[in-house]
Amino acid sequence: MLLAATPALPLDEAGKYVAAAYIVFVLLLLIYVGLMAAKLARISRDLEELADLAESRAEPAPAREEVRA
Amino acid sequence: MNLSLRVLAFATAALIGVGFALVFFYVPNEADQGFIQKIFYLHVPLAIIALGGFIVGGIHAIRHLRSGDPVHDARSYVSIHTSVIFGVAVLITGAIWAKASWGRWWVWDEPTLVSFLIVFLLYATYYPLRYAIPDRERQARYASVFAITAGAFVPLNFMAVRAAQSLVHPRTFATADGGLTGEMWLTFLVCFAGMAALWWLLVRFELTAKRTSGQVSRLRRALDADPSLPGTGVAARIAPGTSR
């Protein structure tokens, strides 16, 4: 088997590849978390706007007119 | 973030942290490959979880077709979506390991590599298939049929690969003469549990985000439908072109 015949890489060379593999994993995770954070921020903004609107509707009509103006 | 999601997040971080600590400070280097074999504890759990996730997506799709409940469709979609992300990590870490071990980023005549790529590309077509259908109900139904068919293909593909003669890719778990030592097994199992917890966490996280987004849309529609303020256009102001 080719794998068995392949000698182990010296640590200084193997370390680069191992570090690269683990860094790729962490980077992918960070990208995913970043995208999810952006999505949650958008939901939060939408909710805030809806809450403002709901509150403005709950106010008496003249006050609401002022807010809308 | 609700309590169970928070507990799951802490458990995931702990498992992955302990797993990686075992990889670098506890488990000995493998005799043939030396230090480069440390990628095994990342690459293999990711691959198993990705393939398992595709099957989970298929199971949720069956439940969706049986019940018509859109929750199962969402679970199927998110399971597949998360597994595709894991699949990207598998392909990249596998290519790095291949380059270090075999001197090449990819080996086209190796059944394990090519079969995983085929499965990955198959699932990459899930997105265009799903979003090419404008009607939500039909979209969910067709996506479920795809998820079941592709999900059934995953174990078949796995068995075919195991039956095939491998050229260079190792068969770590099925070698009669050894395989992993006790320390390696322990490290592998902790890393595997960590990756499984991560997959579950990401699925739960995305489902929660989807559910919250759906509730915001419902609220927006309810406010838009309020007859006391005709033509306020809440939806149009918040998300132009996406409402109604």
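Model, not experiment: these values are computed from the prediction.

Cut-offs and rules
- Residues numbered from 1 in each chain as written.
- Chains lettered and ligands numbered in written order.
- Predicted model: local features only at pLDDT ≥ 70, side-chain atom pairs only at ≥ 80, totals over all residues.
- Helix = DSSP H or I, 4+ residues; strand = E, 2+ residues; numbered from the N terminus.
- Buried ≥ 20, exposed ≤ 12 C-beta atoms within 10 Å, placed from the backbone.
- Contact = placed C-beta atoms within 7 Å.
- Expected span 1.5 Å × (residues − 1).
- Core = buried A, V, L, I, M, F, W, Y, C linked by C-beta atoms within 7 Å.
- pLDDT = per-residue confidence, 0-100.
- Axes fitted to C-alpha atoms, helices over the stretch in contact; angles between N-to-C directions.
- Parallel < 35°, antiparallel > 145°, perpendicular 65-115°, else oblique.
- Nonpolar A, V, L, I, M, F, W, Y, C, P; charged D, E, K, R; others polar.
- Left-handed = near helix turned anticlockwise from the far one by under 90°.

1. A look at the overall build of chain B
Consideration 1: Broken down by element type, chain B carries eight helices and zero strands.
Consideration 2: Reading chain B from its N terminus to its C terminus gives the helix and strand order α-α-α-α-α-α-α-α.
Consideration 3: Here chain B holds 244 residues, and 34% of them are scored as buried.
Consideration 4: Pairs at least 24 apart in sequence give 74% of the contacts found in chain B among residues at least 6 apart.

2. Some thoughts on the overall build of chain A
Consideration 1: When its secondary structure is counted, chain A shows three helices and zero strands.
Consideration 2: Counting over 69 residues, chain A shows a buried share of 9%.

3. A look at helix 2 (residues 40-67) of chain B
Consideration 1: In this model, helix 2 of chain B (28 residues) spans 40 Å end to end at C-alpha, consistent with the 40 Å of a helix rising 1.5 Å per residue.
Consideration 2: Trailing helix 2 of chain B by a residue or two, Gly68(B) shows a phi angle of about 75 degrees, which is positive.

4. Quick notes on the nonpolar core
Consideration 1: Grouped together as the largest cluster of nonpolar side chains are 54 residues, with contacts concentrated most on Ala21(A), Ile36(B), Ile39(B), Leu46(B) and Ala50(B).
Consideration 2: Sorting the residues of this core by element identifies helix 2 (11-58) of chain A together with helix 1 (3-25), helix 2, helix 3 (70-102), helix 4 (111-124), helix 6 (136-163) and helix 7 (182-224) of chain B as the ones contributing at least two each.
Consideration 3: The biggest single contributor to this core is helix 2 of chain B, with 11 residues.

5. Examining the environment of Gly52(B)
All names here are of chain B.
Consideration 1: Mapped onto the elements, Gly 52 comes out in helix 2.
Consideration 2: On the neighbour-count criterion, Gly 52 (17 C-beta atoms within 10 Å) is partly exposed.
Consideration 3: The sequence separation of Gly 52 and Val 154 amounts to 102 residues, and the corresponding C-alpha distance is 8.5 Å.

6. Structural notes on the confidence of the model for chain B
Residues and elements named next belong to chain B.
Consideration 1: In this model, chain B carries an average pLDDT of 86, and 85% of its residues clear a pLDDT of 70 or more.
Consideration 2: The least confident element of chain B is helix 8 (residues 234-238), whose mean pLDDT is 47; the most confident is helix 2, at 95.
Consideration 3: Counted against residues more than four places away or in other chains, residues 234-244, with its pLDDT under 50, gives 14 contacts.
Consideration 4: Reported confidence for the predicted complex is 0.81 by ipTM and 0.82 by pTM.

7. Focus on the confidence of the model for chain A
Residue and element names in this part refer to chain A.
Consideration 1: Of the residues in chain A, 70% reach a pLDDT of 70 or more, and the chain-wide mean stands at 78.
Consideration 2: Looking over chain A, one finds the lowest element-wise mean pLDDT in helix 1 (residues 2-5), namely 45, and the highest in helix 2, namely 88.
Consideration 3: The low-confidence segment residues 1-5 (pLDDT under 50) makes seven contacts with residues lying over four places distant or belonging to another chain.

8. Remarks on the packing of helix 4 of chain B against helix 6 of chain B
Residues and elements named next belong to chain B.
Consideration 1: For the pair helix 4 and helix 6, interaxial distance at closest approach is 10 Å and the crossing angle is 175 degrees. One element, helix 4, and the other, helix 6, form an angle in the roughly antiparallel class. Facing Pro 111, Thr 112, Ser 115, Val 119, Leu 122 and Tyr 123 of helix 4, the residues of helix 6 in contact are Ala 150, Phe 153, Val 154, Asn 157 and Val 161.
Consideration 2: Residues that form the contact of helix 4 with helix 6 fall into these classes: eight nonpolar, three polar and no charged.

9. Comments concerning the packing of helix 2 of chain B against helix 7 of chain B
All names here are of chain B.
Consideration 1: Running from N to C, helix 2 and helix 7 point in directions that differ by 45 degrees, and their axes come no closer than 9 Å. One way to sum up the angle between helix 2 and helix 7 is to call them oblique. Remark: the crossing between helix 2 and helix 7 carries right-handed chirality. From helix 2, Tyr 41, Leu 42, Pro 45, Leu 46, Ile 48, Ile 49 and Gly 53 reach across to helix 7, where they touch Thr 187, Phe 188, Cys 191, Phe 192, Met 195, Ala 196 and Trp 199.
Consideration 2: The residue makeup of the contact of helix 2 with helix 7, split by class, is 12 nonpolar, two polar and no charged.

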